[in-house]
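Fold and contact review
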Amino acid sequence: MAVQKRTSTNVLLHTALQNFYSAAEEMGLEDGLVEVLSRPERAICVSVPVKMDDGSVRVFNGYRVQHSTVCGPAKGGLRFHPDVNLEECEALASLMTWKCSLAGIPYGGGKGGIAVDPFELSPREREMMTRTFAARIAPFIGDWTDVPAPDVNTGGPEMVWIMDTISKLRGKLEPGVVTGKPITYWGSKGRTAATGLGVSTCVLELLKRKGIDPKDATVIVQGFGNVGHYNALFLQQAGCKIVGISDITGGYYNPKGIDVVAAKAHVEKHPKRILEGYDEPGLQKMDGNAILEQECLVLSPCALEGVINEKNAGKLKCKYIVEGANGPTKPEGDKILDERGILVVPDFLANSGGVIGSYFEWVQDLAGFFWTEEEYNSRLVPIMKDNFKRVWDYAEEHNVKMRRAAFLVAIKRVADGLRTKGFFL
Ligand code: GLU
């Protein structure tokens, strides 16, 4: 019987399935493995009741999806965002499977989150929501089963609440149950900057292959959170000119080059941690979508998914795209970029520095022995360079786009694992 191809009305899941099916077809993956890998192993839905500060009760929907544990414990972030839903988590969990596989680290893929606007909650409400969510997914997470981490709108505080809740439930410290923890609480030096360091390493590797001196490269980084900011900072330190940055308050363009350090200092001082009000000589303020369409050599989208699509892909003025976000390019946009000869370094290669960094944190937690930041970075950068090279070489050799090459390499490792161990449990 032929494979029953799944479809979805959810854009991200639709994209994930399409990318998987077409790569699977190209590599001639057996039907049985296609069926297995196009579904998550386990999808958990929980309700998360919270007693609000005014005494009322609100119930939020929480999710954790484990797409695959073939290569090791499920690994992936938790996001707090109003748009979080089961299908989105499913898509992002599968992306984590491919990301961890490609990175060569001993993990499968997972993702989860809560459908909530966390900025509407007080600190106490936020903590109670996170702890209740952790308690409800507790039977399914652990250092050798599923290891959550930060994602959109989550970070150190959330990870500490989860670790503490799980530790209390189990009656012993469980540092390896989540990664992305603060350094003072079993976190790792280097983890905060890891994703941005990985993205910038990919940009610099790309420039090297194209024979471009970083000093001649202009870059626009969309998103000025953890990923975007460090990416922009490291690229600036390497000599690139950062001509554009953006966040929810819009785009900031400066053909003379933005001072990333000053912009970050502004964000740190702003009560809402945003770029609003930032100014410097030559700076032009514009719409958040317009920044994507400005002149630059490299565009690096480091915010949410779907920002490069059929509407704007034809208007971009960059030569290269290095994806720091998960799923920033829709397949319709990808097709146009391909026709226009714009080279894309795909998300699950470019932003894998985060999860590779999480792997380092987990290793340190399990050993109870901590590395210096230099040790951390000196392990991360060579892995990113190697992974970039593997995908680049495969793409050249087989004359395929880097996204396709990355999928083919990643799926192969998981498929080999499945063939070896079978599907028991
Ligand atoms: N949320 C990040 C990602 O999408 C990190 C996941 C992790 O460290 O487990 O890759």
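Rules and cut-offs
Residues numbered from 1 in each chain as written. Predicted model: local features only at pLDDT ≥ 70, side-chain atom pairs only at ≥ 80, totals over all residues. Heavy atoms only, no water. Helix = DSSP H or I, 4+ residues; strand = E, 2+ residues; numbered from the N terminus. Rg over C-alpha atoms; globule rule 2.2 N^0.38 Å. Buried < 20%, exposed > 50% of the residue type's maximum accessible area, 1.4 Å probe, protein only. Contact = heavy atoms within 4.5 Å. 1 Å grid on protein atoms, 1.4 Å probe; cavity = no way out; pocket = protein on both sides within 12 Å on 5 of 7 lines; lining within 4 Å. Points joined across faces, edges and corners; volume = space filled by probe spheres on them. Nonpolar A, V, L, I, M, F, W, Y, C, P; charged D, E, K, R; others polar. UniProt positions renumbered as here; feature names shortened; annotations may be inferred. Near = heavy atom within 4 Å. Polar contact = N/O pair within 3.5 Å; in protein donor to acceptor, adjacent residues only side chain to side chain. Core = buried A, V, L, I, M, F, W, Y, C linked by side-chain atoms within 4.5 Å. Axes fitted to C-alpha atoms, helices over the stretch in contact; angles between N-to-C directions. Parallel < 35°, antiparallel > 145°, perpendicular 65-115°, else oblique. Left-handed = near helix turned anticlockwise from the far one by under 90°.

Turning our attention to the overall build of the protein chain. Secondary structure assignment for the protein chain yields 13 helices and twelve strands. Over its C-alpha trace the protein chain gives a radius of gyration of 21 Å, about what one expects of a compact globule, namely 22 Å for 425 residues. With respect to the principal axes defined by its C-alpha atoms, the protein chain has extents near 55 × 55 × 45 Å. Burial statistics for the protein chain: of 425 residues in total, 56% are counted as buried. Sequence separation of 24 or more characterises 68% of the internal contacts of the protein chain that already satisfy a separation of 6 or more.

Right, let's talk about empty space enclosed by the protein for a bit. If you walk through the whole model with that rule in mind, you get one cavity of 30 Å³ or more. Reported here for the largest cavity is a volume of approximately 80 Å³. As for the largest cavity, its lining consists of 13 residues, and the residues nearest its centre are Leu-17, Leu-37, Ser-38, His-67 and Ser-94. Counting only elements with at least two residues in the lining of the largest cavity, the list comes to helix 1 (11-27) and helix 3 (86-103). Split into classes, the residues belonging to the lining of the largest cavity amount to seven nonpolar, three polar and three charged.

The subject of this paragraph is the UniProt feature "binding site: substrate" (unreviewed entry) in the protein chain. Taken from the UniProt record, the annotation "binding site: substrate" (unreviewed entry) applies to Lys-75, Lys-99 and Ser-358. These annotated residues cover 284 residues of sequence, and their C-alpha atoms all fall within 12.6 Å of one another, placing them together at a single site. Locating Lys-75 in the fold gives a position in strand 3 (residues 74-81). On the basis of relative accessibility, which here comes to 0%, the residue Lys-75 falls in the buried class. Following the sequence through the fold, Ser-358 ends up in helix 11 (residues 353-367). Those residues within four positions of Ser-358 in sequence are excluded, and the remaining contacts are Lys-75, Tyr-107, Ala-149, Thr-179, Arg-191 and Tyr-376.

A separate point is the site of the ligand. Near the ligand there are 14 residues, and of these Lys-75, Lys-99, Pro-150, Asp-151 and Ser-358 occur at the shortest range. Contact distances for the ligand include 2.5 Å between an oxygen atom and a side-chain N or O atom of Ser-358. At the level of elements, strand 3, helix 3, strand 5 (146-150) and helix 11 are the ones that each hand at least two residues to the shell around the ligand. Residue composition of the shell around the ligand, by class: four nonpolar, five polar and five charged.

Right, let's talk about the UniProt feature "active site" (unreviewed entry) in the protein chain for a bit. Those residues carrying the UniProt feature "active site" (unreviewed entry) are Lys-111 in this numbering. Here Lys-111 shows up in strand 4 (residues 109-115). Judged by relative accessible area, which is 1%, Lys-111 ranks as buried. Contact partners of Lys-111, with chain neighbours within four places excluded, come to Arg-64, Val-65, Gly-76, Gly-77, Cys-89, Leu-92, Ala-93, Met-96, Asp-151 and Asn-326.

This next bit is on the environment of Leu-169. Of note, Leu-169 is situated in helix 5 (residues 156-170). Spatially, the C-alpha atom of Leu-169 lies 8.3 Å from that of Ala-138, the residues being 31 residues apart in sequence. When neighbours within four sequence positions are excluded, Leu-169 is seen to be in contact with Ala-135 and Ala-138.

On to the nonpolar core, then. Of all hydrophobic cores here, the largest spans 83 residues; its most connected members are Phe-20, Leu-29, Trp-98, Val-322 and Val-345. At eleven residues, the largest contribution of residues to this core is made by helix 13 (residues 402-421).

Time to look at the side chain of His-67. As for its position among the elements, His-67 is in strand 2 (residues 57-68). Within the local environment of His-67, its side chain forms a polar contact with the side chain of Thr-97, the two groups lying 2.7 Å apart. Excluding residues within four positions of it along the chain, His-67 makes contact with Leu-37, Arg-39, Pro-40, Glu-41, Ala-93, Ser-94, Thr-97, Trp-98, Gly-109 and Gly-110.

Where helix 6 (residues 191-209) meets helix 7 (residues 226-237), the axes come as close as 7 Å, and the angle between the chain directions of the two elements is 50°. Compared by their axis directions, helix 6 and helix 7 come out oblique. The chirality of how helix 6 crosses helix 7 is right-handed. Counted together, Thr-192, Ala-193, Thr-195, Gly-196, Leu-197, Val-199, Ser-200, Val-203 and Leu-204 of helix 6 and Asn-226, Val-227, Tyr-230, Asn-231, Phe-234 and Leu-235 of helix 7 form the full contact between these two elements. Classifying every residue of the contact of helix 6 with helix 7 by side-chain character gives nine nonpolar, six polar and no charged.

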